[in-house]
Amino acid sequence: MRPGLWRHLLQCLVIQLLVLPVPVGAASMQARESHGPPWDGAVASSKVVKIGASTLQIDFGPGEFDLKQDEIVHWVETAGQAVAAYFGKFPVPRARVLILPIAGKQGVLTGTTWGGVGGYPAFTRMRLGQHSTTDDLKDDWTMTHEFVHIGFPSLSENHHWLEEGLATYIEPVARVQIGTLTTKQIWGDMHRDMRKGEPGSTDKGLDQTHTWASTYWGGALFCMMADIKIRQETKNGKGLQDAMRAVVAAGGTIDEDWPIEKAFAIGDKATGTTVLSALYHSMGENSQTVDLDPLWKELGVEVVNGVVVLDDKAPLANIREGITSPRQPSDKLIPGAGRKAF
Ligand SMILES: [Zn+2]
């Protein structure tokens, strides 16, 4: 068993217990089902889909769904395409997803991803309520969040904030890039939630603050600031996405254990900046705050009476747009290729 494997399980449960609308009973269900490793659980049926050159094995545990199996496969496949759009390709050549039907429940209950288990570089288990609907899957972010984890190496425990921060920040960006989330939705959500990641007055940096808010939203705030700063220093030519693609190209996927400095060095080299290493010093090793209100103004993000207004004339509006603009696949630049190029 890889070090940190159960840690990741715990953290993913934590975010879903606190954020997802239908998490009640998830922990107790887990206790009842834990008879051996999750990847050894019974499989009733399977479907294999391709995401570009990668193979996704989708297995279904025993039980019933109101939804058709094809609808569930489509949900998994769409999440895979979002992550492939962000990283330029699906991060590993083979991955397996086990969908467990949870009797009497509705909604996407929990998701957990492991690296290098059961013969696959990545294995994701999703608990899905028996009475889940098409809308539950359409609104879901969990499946994409889990797949983002595949595209980054496993870090030591004190850097867990970066693994969860990347998944929290990249998941909606990837979904906007394939057109399943709107720019107003992502910026409205970030405007509402990013402040949860601000350090408290006694915090000593993300490496030493292991609360839920710091791990998920502190990590996401780090990622957003990195994306903005890289774009400011490169005239909007590069972003966090370039750094992440370079990490995956260097073999940095969930089944590999890396020191955090290696990931930042590769990311910085790819963007021709020192943004990641410098920001790690100020937000990871120290607790620098971010003045969010003026930043939203500069980005042109405003929420008026609950309605998100995006100002295209704001000083950093081009950076805001650059963050969510669809990009080309990694290996080949295809002139005119659109968001559904793979
Ligand atoms: Zn996670």
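Right above here is the structure, for reference.
Residues numbered from 1 in each chain as written. Predicted model: local features only at pLDDT ≥ 70, side-chain atom pairs only at ≥ 80, totals over all residues. Heavy atoms only, no water.

### Quick word on the overall build of the protein
Okay, so step 1: Helices and strands together make up the secondary structure of the protein, namely 13 helices and 7 strands.
Okay, so step 2: Here the protein holds 342 residues, and the buried ones make up 55% of them.
Okay, so step 3: Across the protein, contacts joining residues at least 24 apart in sequence account for 71% of those joining residues at least 6 apart.
Okay, so step 4: By element, 53% of the accessible surface of the protein is carried by carbon and sulfur atoms, the whole surface being about 14600 Å². (Helix = DSSP H or I, 4+ residues; strand = E, 2+ residues; numbered from the N terminus. Buried < 20%, exposed > 50% of the residue type's maximum accessible area, 1.4 Å probe, protein only. Contact = heavy atoms within 4.5 Å. Areas by Shrake-Rupley, 256 points an atom, 1.4 Å probe, with all protein chains shown as cover.)

### Topic: the coordination of the zinc ion
Okay, so step 1: Protein-derived coordination of the zinc ion comes from His 145 (NE2), His 149 (NE2), Glu 164 (OE) and Glu 164 (OE), at a distance range of 2.1 to 2.8 Å.
Okay, so step 2: Around the zinc ion sit 4 donor atoms, and with donor-metal-donor angles ranging over 50 to 142° the site reads as irregular.
Okay, so step 3: In the primary sequence, the donor residues of the zinc ion line up as H-x3-H-x14-E. On the criterion of helical spacing, the pair formed by His 145 and His 149 is a turn pair, its members being 4 residues apart in helix H5 (residues 142–150). In this pair, the class of His 145 matches that of His 149, namely buried. (Donors = N, O, S within 2.8 Å, 3.2 Å for Na, K, Ca; no water. Tetrahedral: all angles 85-135°; square planar, octahedral: opposite > 155°, others 65-115°.)

### As for the sheet that holds strand E4 (residues 108–117)
Okay, so step 1: The sheet built from 5 strands is open, its strands ordered E1-E2-E3-E5-E4 with mixed pairing. With partners counted over all chains shown, the strands left at the sheet margins are strand E1 (45–51) and E4, one partner each. Neighbour-to-neighbour, the strand axes of this sheet turn through a mean angle of 20°, independent of strand direction.
Okay, so step 2: On top of the sheet, helix H3 (residues 69–87) reaches E1, strand E2 (54–60), strand E3 (94–102), E4 and strand E5 (120–129); it is set at about 30° to E1, its chief contact.
Okay, so step 3: Of the strands in this sheet, E2, E3, E4 and E5 are in contact with H5, which crosses E5 at around 165°. (Pairing = 2+ DSSP bridges. Axes fitted to C-alpha atoms, helices over the stretch in contact; angles between N-to-C directions.)

### Remarks on the packing of helix H8 (residues 212–233) against helix H12 (residues 292–299)
Okay, so step 1: Running from amino to carboxyl end, H8 crosses H12 at an angle of 45°, the nearest separation of the two axes being 13 Å. Classified by the angle their axes make, H8 and H12 are oblique. Like other packed secondary-structure pairs, H8 and H12 cross with a definite hand, here left-handed. Contacts between H8 and H12 pair Leu 221, Met 224, Met 225 and Ile 228 from the former with Leu 292, Leu 295, Trp 296 and Leu 299 from the latter. (Parallel < 35°, antiparallel > 145°, perpendicular 65-115°, else oblique. Left-handed = near helix turned anticlockwise from the far one by under 90°.)

### What about helix H6 (residues 160–177)?
Okay, so step 1: Taking 1.5 Å per residue, 18 residues should reach 26 Å; H6 reaches 26 Å between its end C-alpha atoms and fits that length.
Okay, so step 2: Of all the bends in H6, the greatest, near 30°, is centred on Ile 170, and the proline Pro 172 appears no more than four residues after it.
Okay, so step 3: Burial analysis of H6 places 18 of its 18 residues in the buried class, the great majority of the element.
Okay, so step 4: A positive phi of about 85° marks Gly 179, the residue just after H6. (Expected span 1.5 Å × (residues − 1). Bend = angle between axes of the 7 residues up to and from the residue.)

### Things to note about the packing of aromatic side chains
Okay, so step 1: In the structure shown here, the tally under the stated rule is 10 aromatic pairs.
Okay, so step 2: Ring plane angle 20° and centroid distance 6.3 Å describe the contact between Trp 161 and Tyr 280, whose orientation is recorded as stacked. Residue Trp 161 is located in helix H6, and its partner Tyr 280 is located in helix H11 (residues 275–284); the two are separated by 119 residues in the primary sequence. In terms of burial, Trp 161 and Tyr 280 fall into one category: buried.
Okay, so step 3: Here the aromatic rings of Phe 222 and Phe 264 are separated by 5.7 Å at their centres, their planes lie at 40°, and the arrangement is tilted. (Phe/Tyr/Trp six-rings, centres within 6.5 Å; stacked < 30°, edge-to-face > 60°.)

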